[in-house]
Structures are given as C-alpha cells and as structure tokens.
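Notes for the structure review
Letter by letter, the chains look like this.
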Amino acid sequence: MSNVDSRKFEGKSTWMRLLPYATLGILVFSLNSASDLNYFLKGYLVLLEAQAGIVLIYFLMSKLARSKKR
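In this text the structure is predicted, and so the values were computed from the model without any measurement.

Conventions adopted
- Residues numbered from 1 in each chain as written.
- Predicted model: local features only at pLDDT ≥ 70, side-chain atom pairs only at ≥ 80, totals over all residues.
- Heavy atoms only, no water.
- Helix = DSSP H or I, 4+ residues; strand = E, 2+ residues; numbered from the N terminus.
- Buried < 20%, exposed > 50% of the residue type's maximum accessible area, 1.4 Å probe, protein only.
- Areas by Shrake-Rupley, 256 points an atom, 1.4 Å probe, with all protein chains shown as cover.
- Contact = heavy atoms within 4.5 Å.
- Polar contact = N/O pair within 3.5 Å; in protein donor to acceptor, adjacent residues only side chain to side chain.
- Patch = residues over 30% accessible without salt bridge, like charges linked within 9 Å, V, L, I, M, F, W, Y side chains within 5 Å.
- Salt bridge = Lys/Arg side-chain N within 4 Å of Asp/Glu carboxyl O.
- Expected span 1.5 Å × (residues − 1).
- Lys, Arg positive; Asp, Glu negative; His and termini not counted.

Quick look at the overall build of the chain
- Tallying secondary structure elements over the chain gives two helices and zero strands in all.
- Looking at the chain as a whole, 10% of its 70 residues qualify as buried.
- Surface accessibility of the chain: about 6600 Å² in total, with carbon and sulfur atoms responsible for 69%.

Right, dumping it as structure tokens:
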C-alpha cells in the first residue's frame, strides 16, 4: 500500500476535469449566438457541435492520461 493520502488530490482533479467541458460549452454558445440562422438550425448545430466536442475531449483526455502513466 502507498503512504500517499489520495484524498488530498480528489478536489483538484474533479475541478480540472470540468474545465474542458465548460470551455466547450462557452465556445459552442459563443459561436452559435453570433450567427443569424433559423432557430431549429441553431439548435441542431448546438447538438452536433456539443456531441463532437465531448467525444474529442474524451479521447484527448484518455490519451493524456495514458501518456502520464508511462
């Protein structure tokens, strides 16, 4: 067993995991609020951009986590 108390690191890692998703939300909102498109088209684009962004963030974070372990 390790002598390191893992509870000290829990707060920082959860906050840092939220940051990319919050940044994605702000980016998607700002890109779509500036456009003069139909409301249905704006909603569709928000859903597509959010889904694609979440998938990209997930794979990027998993790749970074694997590289830190090595």
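Having seen it, we continue.
Observations regarding the environment of Asn32
- With respect to the element layout, Asn32 can be found in helix 1 (residues 7-33).
- Note on Asn32: relative accessible area 7%, which makes it buried.
- Separated by 13 residues in sequence, Asn32 and Leu45 place their C-alpha atoms 7.7 Å apart.
- Dropping the residues within four chain positions of it, Asn32 is found in contact with Lys42, Leu45, Val46 and Glu49.

Digging into the side chain of Ser35
- Mapping Ser35 onto the fold places it in the loop between helix 1 and helix 2 (39-69).
- You can call Ser35 buried: its relative accessible area is 19%.
- Here the side chain of Ser35 touches Asn32 through a polar contact of 3.0 Å, landing on its backbone oxygen.

Quick notes on a nonpolar patch on the surface
- Together, Trp15, Met16, Leu18, Leu19, Tyr21, Ile54, Val55, Tyr58 and Phe59 line one region of the surface with nonpolar side chains, adding up to about 950 Å² of accessible area.
- Looking at the nonpolar patch, the elements with two or more residues in it are helix 1 and helix 2.
- In this structure, Tyr21 sits in helix 1.

Some thoughts on helix 2
- Given a rise of 1.5 Å per residue, 31 residues ought to cover 45 Å, and the 45 Å separating the end C-alpha atoms of helix 2 matches this to within 8%.
- Among the residues of helix 2, Lys42, Gly53 and Ile57 are the ones counted as buried.

Some thoughts on the side chain of Lys42
- Assignment of secondary structure puts Lys42 in helix 2.
- Buried charged residue Lys42 carries no salt bridge. Nearest counter-charge: Asp36, at 5.7 Å.
- Looking at Lys42, its side chain comes within polar contact range of the main-chain oxygen of Ser35, at 3.2 Å.
- Setting aside chain neighbours within four positions, we find Lys42 in contact with Asn32, Ser33, Ser35 and Leu37.

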